[in-house]
Amino acid sequence: MKENIEPRKIVIAIDGYASCGKSTMAKELARNIGYIYIDSGAMYRAVTLYCLRHNLFEGERLLVDELQRRMDEIEVSFALNPATGRPETILNGENVEQDIRGMAVSQRVSIVAAIGFVRRKLVALQQALGREKGIVMDGRDIGTAVFPDAELKIFLTASPEVRARRRVDEMTAKGQDASYEEVLHNVKERDHIDETRAVDPLRRADDALLLDNSAMTIAEQNEWLMKQYRRVAGIRE
Ligand code: DC
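### Notes on the site of the ligand
Not every one of the 16 residues close to the ligand is listed here, only the nearest: Arg45, Arg119, Asp141, Arg190 and Arg197. Contacts to the ligand include Arg45, whose side-chain N or O atom sits 2.7 Å from an oxygen atom. Between the ligand and Arg197 there is a distance of 2.8 Å, counted from an oxygen atom to a side-chain nitrogen or oxygen. When the ligand sits alone it has 450 Å² of accessible area, and the protein chains cover 96% of it. For the shell around the ligand, the secondary structure elements donating two or more residues are α2 (40–53), α4 (103–113) and α8 (180–196). Among the residues making up the shell around the ligand, the classes are represented as four nonpolar, four polar and eight charged.

So, in structure tokens, the structure goes:
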């Protein structure tokens, strides 16, 4: 017999290392179950792009005080692309979805994401986006700091080499230049900064399910995630 009961709306937090397929998994799930998908990393990337555009980097050094003075000028939001049905990142009214994915931003985003006042602002925004539930959010601290009460938490991991190869393939497919060695170095460096930063470091929440997808296909991991969702939302197979 078919159930007419609406499944309960939940919050799904997907955390894990850089480039291990969090967003692929999160987007697909959100699409299948009609939830909103939010890429929290895109928000840190947008602030980094702002810093680059306003010359707040001197080489690798960030002018932190200057950024703090300008925080109120930085507005990050999302707009749904009707063609893809997916949200794209808006920085001060401009769609920056493409610009935030390049190497210049990737190389510096961990520096920006380690700053306490940046995190406070973006975490508050993320929490506001999740107030109504029915959301899938991916990042590094979603299950620990943003939504510690999320009903479903996943911690995703894969070997650095597998992740670098996937990132290179993704960039190549978009016509961007990518060197495997450079990307691998960037992946390892970001892991280190993300795990050792003082504010909300990357770590698995005690109640997060661990998934190593190094040897899984995208279809297998989507199926696994759907199963977890059904279980937690109380939907019978
Ligand atoms: O997932 P990504 O590669 O787009 O993330 C970009 C950077 O932002 C990454 O270095 C970690 C950081 N980040 C974070 O600190 N907290 C989040 N919730 C999401 C991303």
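Right, picking up where we left off after that structure.
### Things to note about the nonpolar core
Ranked by size, the top nonpolar core spans 36 residues in total, and within it Val47, Leu62, Leu67, Ile74, Leu91 and Val118 carry the most contacts. Only β1 (11–16), α2, α4, α5 (116–129), β8 (135–139) and α6 (142–146) provide two or more residues apiece to this core. Counting residues per element, this core draws most heavily on α2, which supplies eight residues. Core analysis: the next-biggest nonpolar cluster, separate from the first, contains 27 residues, Ala26, Leu211, Val232 and Ala233 among them.

### Let's talk about the side chain of Arg163
Positionally, Arg163 belongs in helix α7 (residues 160–173). Of the polar contacts made by the side chain of Arg163, one reaches the side chain of Asp191; its length is 2.7 Å. Not counting the four nearest positions on each side in its chain, Arg163 is found in contact with Tyr17, Ala18, Ser19, Cys20, Ala158, Val187 and Asp191.

### A short note on the sheet that holds strand β2 (residues 36–39)
The strands that make up a sheet are held in pairs by hydrogen bonds between backbone atoms, and each pair lies either parallel or antiparallel. The strand order across the open sheet built from five strands is β2-β8-β1-β9-β10, with neighbouring strands paired in parallel fashion. Each of the sheet's edge strands pairs with one partner strand only, and the pair in question is β2 and β10 (209–212). Pairwise comparison of adjacent strand axes, ignoring direction, gives a mean angle of 20° for this sheet. The pairing of β1 with β8 spans five bridges and is classified as parallel. Paired with Ile14 across the two strands is Asp138, which belongs to β8. Lying over the sheet, helix α9 (residues 218–233) contacts β1, β9 (152–157) and β10, oriented at roughly 160° with respect to β9.

### A closer look at the packing of α7 against α8
At a minimum axis distance of 9 Å, the contact between α7 and α8 shows a crossing angle of 125°. As summarised for this structure, α7 and α8 are arranged oblique, according to the angle between their axes. The element α7 and its partner α8 pack so that their crossing is right-handed. Here Pro160, Glu161, Arg163, Ala164, Arg165, Arg167, Val168 and Met171 of α7 come into contact with α8, specifically with Tyr180, Val183, Leu184, Val187, Lys188, Arg190 and Asp191.

### As for the environment of Lys9
Positionally, Lys9 belongs in the segment before β1. Classification of Lys9 by relative accessible area gives exposed; the value is 54%. In this structure the C-alpha to C-alpha distance between Lys9 and Ile135, which are 126 residues apart in sequence, comes to 8.3 Å. In this structure, Lys9 is in contact with Tyr35, Glu132, Lys133, Gly134 and Glu151, ignoring residues within four places of it in sequence.

### Observations regarding α8
Owing to its 3.6 residues per turn, the α-helix aligns residues three or four sequence positions apart on the same side. For α8, built from 17 residues, the straight-helix expectation of 24 Å at 1.5 Å per residue is met to within 8% by its first-to-last C-alpha distance of 24 Å. Those residues of α8 that fall on the buried side of the exposure criterion are Val183, Leu184, Asn186, Val187, Arg190, Asp191 and Asp194. Buried residues of α8, viewed axially, fall in a sector of 160°; they line one side. Summarising the geometry of α8, the exposed residues directed more than 90 degrees from the buried face are Glu181, His185 and Thr196.

### A word on the packing of aromatic side chains
Following the criterion strictly, the structure yields two aromatic pairs and no others. Considering the side-chain rings of Tyr17 and Phe155, the 6.0 Å spacing of their centres and the 85° angle between planes classify their relative orientation as edge-to-face. Of this pair, Tyr17 sits in the loop between β1 and α1 (22–33) while Phe155 sits in strand β9, and the two are 138 residues apart along the sequence. Pair check on accessibility: Tyr17 and Phe155 agree, each one buried. Directly above the ring of Phe57 sits Arg108, whose terminal nitrogen or CZ lies 5.6 Å from the centroid.

Rules used in this analysis
Residues numbered from 1 in each chain as written. Predicted model: local features only at pLDDT ≥ 70, side-chain atom pairs only at ≥ 80, totals over all residues. Heavy atoms only, no water. Near = heavy atom within 4 Å. Polar contact = N/O pair within 3.5 Å; in protein donor to acceptor, adjacent residues only side chain to side chain. Areas by Shrake-Rupley, 256 points an atom, 1.4 Å probe, with all protein chains shown as cover. Helix = DSSP H or I, 4+ residues; strand = E, 2+ residues; numbered from the N terminus. Nonpolar A, V, L, I, M, F, W, Y, C, P; charged D, E, K, R; others polar. Core = buried A, V, L, I, M, F, W, Y, C linked by side-chain atoms within 4.5 Å. Buried < 20%, exposed > 50% of the residue type's maximum accessible area, 1.4 Å probe, protein only. Contact = heavy atoms within 4.5 Å. Pairing = 2+ DSSP bridges. Axes fitted to C-alpha atoms, helices over the stretch in contact; angles between N-to-C directions. Parallel < 35°, antiparallel > 145°, perpendicular 65-115°, else oblique. Left-handed = near helix turned anticlockwise from the far one by under 90°. Expected span 1.5 Å × (residues − 1). Arc of directions from axis to C-beta. Phe/Tyr/Trp six-rings, centres within 6.5 Å; stacked < 30°, edge-to-face > 60°. Lys NZ or Arg CZ within 6 Å of the ring centre and 35° of its normal.

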